[in-house]
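# Structural overview for review
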Amino acid sequence: VTISQGTLAAARAVAGPRGTSSLMERALKRELRLEAQRRFVQEYEREFGEITPEEVAVQMERLARAHAQSRAQASTETAAQA
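Notes on the structure follow. Numbers given for residues are sequential positions, taken from 1 along each chain in its written order. In keeping with the predicted nature of the model, local features appear solely for residues at pLDDT of at least 70, side-chain atom pairs appear and are counted solely at 80 or more, and the whole-chain, interface and lining totals rest on all residues. Remark: hydrogens and water are excluded; side-chain values derive from all non-hydrogen atoms of the structure.

### Considering the pattern of salt bridges
We count a salt bridge whenever a side-chain nitrogen from Lys or Arg sits within 4 Å of a carboxyl oxygen from Asp or Glu. According to the stated counting rule, one finds 5 salt bridges in the structure shown. The salt bridge partner of arginine 38 is glutamate 35, with a shortest N-O separation of 2.8 Å. Of this pair, arginine 38 and glutamate 35 both sit in helix α2 (residues 20–48), 3 residues apart, which is roughly one turn of that helix. Arginine 65 is the partner of glutamate 61 in a salt bridge, and the nearest nitrogen-oxygen pair spans 3.5 Å. In this pair, glutamate 61 and arginine 65 both sit in helix α3 (residues 53–81), 4 residues apart, roughly one turn of the helix. Overall, the relative accessible area of 42% leaves glutamate 61 in the partly exposed class. Each member of the salt-bridge network shares a partner with another, and the members are Glu31, Glu35, Arg38 and Arg39. Secondary structure elements follow DSSP: runs of H or I of four or more residues count as helices, runs of E of two or more count as strands, with numbering from the N terminus. Accessible area is worked out with a 1.4 Å probe on protein chains only. A residue is then buried under 20% of its type maximum, exposed over 50%, and partly exposed in between.

### Re the environment of glutamate 31
With respect to the helices, strands and loops of the structure, glutamate 31 is situated in helix α2. Owing to a relative accessible area of 40%, glutamate 31 belongs among the partly exposed residues under this scheme. Separated by 30 residues in the primary sequence, glutamate 31 and glutamate 61 place their C-alpha atoms 25 Å from one another.

Given below as structure tokens:
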């Protein structure tokens, strides 16, 4: 693996005492997940057509509601444990 000196210096500055190996592994895993998502969307759009901004907005709203419900449930569970 070849990494430019500037990128390595920036990685070391961000990683601090944790070291660059952990930082680079997390970054690579994140990039691999993103690439898998890109491939999924490309396959989906080939089969069903382009995803519209309206469809994206509907799904983002659903995710926001689910996230809010999850936070509320976690908050309730934490309060019950206290």
